Amino acid sequence: MGKVLFHIDLNAFFASAELLLDPSLKGKPIAISGLSKRSVVATASYEARQFGVHSAMPIREALSLCPQLIVVKGHHDFYEELSDQFIRYVKRYTSQVEKASIDECYADMSEAIRQFRRPLDLAWQLQQELSADLHLKCSIGVAPNKFLAKMASDMKKPMGITVLRKQEVPVKLWPLPIEEMRGIGKKTAPLMREKGILTIGDLAHITQPEILQPILGKNAAIFIRRARGEDDRELVCESDVKSMSQSTTLNYDFSSDEEVRVLFRRLADRLSRRLMEEDKQGTLASVSIRYDDFDTHVRSRKLPQPIFRADDLFEIAMELFDENYEDRPLRHLGISLSDLSGIHEQRQQMNLFDTPVQEATGELIERLNRQLEQGGHLTTAGCLAQSRRK
């Protein structure tokens, strides 16, 4: 049996999380969003989607489509905690898990699936357990590579399980409209259509990638290979990652010093916990700053000593932010630590020639000499103890 990858996509994740916090919302059309003029829908319940409400839609448009829509500002700290629980749950089956975003992951189930009588039993069991234990519904795509797994998970929602084998690509994938291909956005799809590329199959049959470079850039050949079902990317699991990060994106603009400090403190606390769980520390700290117009900046600093504690992470994050903030409304903040090493691997033994000990060493020698001259035999440990007491 070849490689078996799952793409597990939580259905209407934010809305599902809000139902856990307020069960009275069950069965009602809800949208997670801010209430400012520029607020957009982060996600909507399936009841709201029946009215045409969808993610990235301006909230005012959503309310016009569905006047009874219940708008919830969202509890992003809770979403992060629930997402962590989701990833830990998947890791009960395999350690090879790549977190793709807050509500989706890839998992290599090549070994785990061997323990099930029928290949799809594992997907069904995982789906049912997530629903029963965490109250999270998901769709699962099963395929030999990441691209096909992602495309498969999008085919049946909610609570769908779809297998997409390489030999099934011409039948299941190629007839789909080009805008349904992963990576082809709303702005790119019309340009593709102008070139006569209406379906994923049309893209798969392009033999000269250079004709698409004005649209897809240097990735034109990659898109063509993926349209053919080819994708050689490996999973990037946490054990392989050279950096660790925490970030948050809000549905409304913010800019006050207090909000920034509170958010960076929470991010520093979470990142520190993850670093300690993974026994990691790092010497390259970065912050990401995204403004209300989605203009994003990442600023980094090389540190003289590795850090992992929340206070240190918070301090360096605030310094980098203060040095680079452009006094504009914000939407996103993040902290990252890279150049990682093991905390316990680099613990230095006490050096007798470090300054504090070196200052005491001269006094210790004098003490020893006096004791020896007096016929005594005070030990070095005893001298150290007396020095500390002094």
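Residues numbered from 1 in each chain as written. Predicted model: local features only at pLDDT ≥ 70, side-chain atom pairs only at ≥ 80, totals over all residues. Heavy atoms only, no water.

> Hey, could you run me through the overall build of the chain in this one?
Within the chain, the secondary structure is distributed over 15 helices and 12 strands. Relative to its full complement of 390 residues, the chain shows a buried share of 43%. Within the chain, counting contacts between residues at least 6 apart in sequence, those at least 24 apart form 62% of the total. Counting only carbon and sulfur atoms, one obtains 50% of the accessible surface of the chain, whose full area is about 21400 Å². (Helix = DSSP H or I, 4+ residues; strand = E, 2+ residues; numbered from the N terminus. Buried < 20%, exposed > 50% of the residue type's maximum accessible area, 1.4 Å probe, protein only. Contact = heavy atoms within 4.5 Å. Areas by Shrake-Rupley, 256 points an atom, 1.4 Å probe, with all protein chains shown as cover.)

> Looking at this structure, I do not really get the confidence of the model for the chain. What am I missing?
Detailed reading of the predicted coordinates is not advisable wherever pLDDT falls low. Looking at the chain as a whole, the pLDDT averages 85, with 86% of positions reaching at least 70. Note on residues 348-362: pLDDT under 50 across the span, and 6 contacts to partners over four residues away in sequence or across chains. (pLDDT = per-residue confidence, 0-100.)

> Can you help me understand the packing of helix α12 (residues 257-277) against helix α13 (residues 310-324) in this one?
With their axes 8 Å apart at the nearest point, α12 and α13 run at an angle of 135 degrees to one another. What the angle tells us is that α12 and α13 run oblique. Note on packing geometry: the crossing formed by α12 with α13 is right-handed. Between α12 and α13, the contacting residues are Val260, Arg261, Phe264, Arg265, Ala268, Asp269, Leu271, Ser272 and Leu275 on the first element and Ala310, Asp311, Leu313, Phe314, Ala317, Met318 and Phe321 on the second. For the contact of α12 with α13, the residue count by class is 11 nonpolar, 1 polar and 4 charged. (Axes fitted to C-alpha atoms, helices over the stretch in contact; angles between N-to-C directions. Parallel < 35°, antiparallel > 145°, perpendicular 65-115°, else oblique. Left-handed = near helix turned anticlockwise from the far one by under 90°. Nonpolar A, V, L, I, M, F, W, Y, C, P; charged D, E, K, R; others polar.)

> How should the nonpolar core be read in this particular structure?
In a soluble, globular protein the nonpolar side chains are often hidden away together inside. Formed by 37 residues in total, the largest nonpolar core has its most connected members in Phe6, Ile8, Phe86 and Met109. For this core, the elements supplying multiple residues, two or more each, are β1 (5-10), α1 (13-21), β2 (30-32), α4 (76-90), β6 (104-108), α5 (121-133) and β7 (138-143). Element by element, the count of residues in this core is highest for α4, at 7 residues. Look past the residues within four positions of Met109 in its chain and what remains in contact with it is Val4, Phe6, Val90, Tyr93, Thr94, Leu122 and Leu126. One finds Phe264, Leu267, Leu271 and Ile289 within the second-largest nonpolar core, a separate group that totals 29 residues. (Core = buried A, V, L, I, M, F, W, Y, C linked by side-chain atoms within 4.5 Å.)

> Would you mind showing me how to read the side chain of Thr94 here?
Mapping Thr94 onto the fold places it in the loop between α4 and β5 (97-101). Residue classification places Thr94 among the buried positions, given a relative accessible area of 10%. Reaching out from Thr94, the side chain makes a polar contact with the backbone oxygen of Asp108 at a distance of 3.0 Å. Here Thr94 is in contact with Ala107, Asp108 and Met109, once residues within four sequence places are set aside. (Polar contact = N/O pair within 3.5 Å; in protein donor to acceptor, adjacent residues only side chain to side chain.)

> Which parts of the structure should I look at to understand the sheet that holds strand β4 (residues 70-72)?
Each strand in a sheet pairs with another by means of backbone hydrogen bonds, the pair being arranged parallel or else antiparallel. Strand order in this open sheet of 3 strands is β3-β2-β4, and the pairing throughout is mixed. In this open sheet, the two strands that pair with only one neighbour each are β3 (43-44) and β4. Contacts between α1 and the sheet are confined to β2, β3 and β4, with β2 contributing the most and set at about 110 degrees to the helix. (Pairing = 2+ DSSP bridges.)

> So what exactly am I meant to see when it comes to the pattern of salt bridges here?
Following the criterion strictly, the structure yields 21 salt bridges and no others. Asp77 is paired through a salt bridge with Arg270; the nearest N and O atoms lie 2.3 Å apart. With Asp77 in helix α4 and Arg270 in helix α12, this residue pair connects regions lying 193 residues apart in the sequence. Under the relative-accessibility criterion, Arg270 is labelled buried at 10%. Salt-bridge contacts for Glu323 lead to Arg301; the nearest nitrogen and oxygen are separated by 2.7 Å. Here the residue Glu323 occupies a position in helix α13, and Arg301 occupies one in strand β11 (residues 296-307), the gap between them amounting to 22 residues. Overall, Glu323 belongs to the exposed group, its relative accessible area being 52%. (Salt bridge = Lys/Arg side-chain N within 4 Å of Asp/Glu carboxyl O.)

> Please clarify how α12 should be interpreted in this entry.
Helical geometry: 3.6 residues make up each α-helical turn, so side chains three or four residues apart lie on a common side. With 21 residues, α12 should reach 30 Å at 1.5 Å per residue; the first-to-last C-alpha distance of 30 Å fits that figure. Where α12 is concerned, the buried positions are Val260, Leu263, Phe264, Leu267, Ala268, Arg270, Leu271, Ser272, Arg274 and Leu275. Turning to α12, the residues buried within the fold contact α4, β9 (243-254), β10 (280-291), α13 and β12 (330-342). Following α12 by one or two positions, Asp279 has its phi on the positive side, about 55 degrees. (Expected span 1.5 Å × (residues − 1).)

> Please explain unusual backbone geometry as it appears in this structure.
Outside of glycine, negative phi angles account for most residues, and trans bonds account for most peptide bonds. Following Lys157, the chain continues into Pro158 via a peptide bond in cis, with omega recorded as -5 degrees. One can find Pro158 in the loop between α6 (146-153) and β8 (161-163). Despite not being glycine, Asp279 shows a phi value in the positive range, around 55 degrees. Relative to the elements of secondary structure, Asp279 occurs in the loop between α12 and β10. Judged by relative accessible area, which is 25%, Asp279 ranks as partly exposed.

> Which parts of the structure should I look at to understand the sheet that holds β5?
Taken in spatial order, the 5 strands of this open sheet run β5-β6-β1-β7-β8, and their pairing is mixed. The open sheet has two edge strands, β5 and β8, and neither has a second partner. Between one strand and the next, the sheet's axes are offset by a mean angle of 15 degrees, whatever the strand orientation. Both β1 and β6 contribute to a ladder of 5 bridges, which runs antiparallel. Paired with Ile8 across the bridge in β6 is Cys105. The strands touched by α5 within the sheet are β1, β7 and β8, with β7 carrying the most contacts at an inclination of about 160 degrees.

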